[in-house]
Amino acid sequence: QVQLVESGGGLVQAGGSLRLSCAASVGTFSNYAMGWFRQAPGKEREFVAATNWAGSNQAYADSVKGRFTISRDNAKNTAYLQMNSLKPEDTAVYYCAAANVYSLTWPRLRNNYNYWGQGTQVTVSS
């Protein structure tokens, strides 16, 4: 009943930018904390960024801090991940996730999220 659909992935050269979108089909989008995770081949899925219901509090992985920005438009039921200064090591499948709470005490933990999108591929060439 709940759907999360990512878009915006693709190929980009190192130093370039991409903006990922996550369109959510939920009753009230503002009731959900949102997060982004990524998974490279042969590696575990890792936390990238998260935001509370209002977009006023964010958490970032150290590897993306200062380069990525998570945001949300509750009127549009959409979360975003703006990715700047991309590096080859950012190459991964990026997943959108939603938790059915306003905010998360531990946003970096995968098990705290209730819903997941199908993922979108981001490839950064050197």
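Let's talk about the sheet that holds strand β3 (residues 18-25)
What links the strands of a sheet is backbone hydrogen bonding, and the strands pair in either a parallel or an antiparallel sense. Strand order in this open sheet of 4 strands is β1-β3-β8-β7, and the pairing throughout is antiparallel. Every other strand in the sheet has two partners, leaving β1 (3-7) and β7 (68-73) as the edge strands with one partner each. Each strand of the sheet is rotated relative to its neighbour by a mean of 15°, with strand direction disregarded. Here 6 bridges tie β7 to strand β8 (residues 78-83), and the two strands are oriented antiparallel to one another. If you follow Ser71 over to β8, its bridge partner there is Tyr80.

With respect to the environment of Asp73
Looking at the secondary structure, you find Asp73 in strand β7. Judged by its relative accessible area of 31%, Asp73 is partly exposed. Residues Asp73 and Ala61 lie 12 residues apart in sequence; the distance between their C-alpha atoms is 22 Å. When near neighbours in sequence (up to four residues on either side) are disregarded, Asp73 contacts Phe29, Thr78 and Tyr80.

Reading the values: rules and limits
Residues numbered from 1 in each chain as written. Predicted model: local features only at pLDDT ≥ 70, side-chain atom pairs only at ≥ 80, totals over all residues. Heavy atoms only, no water. Pairing = 2+ DSSP bridges. Helix = DSSP H or I, 4+ residues; strand = E, 2+ residues; numbered from the N terminus. Axes fitted to C-alpha atoms, helices over the stretch in contact; angles between N-to-C directions. Buried < 20%, exposed > 50% of the residue type's maximum accessible area, 1.4 Å probe, protein only. Contact = heavy atoms within 4.5 Å.

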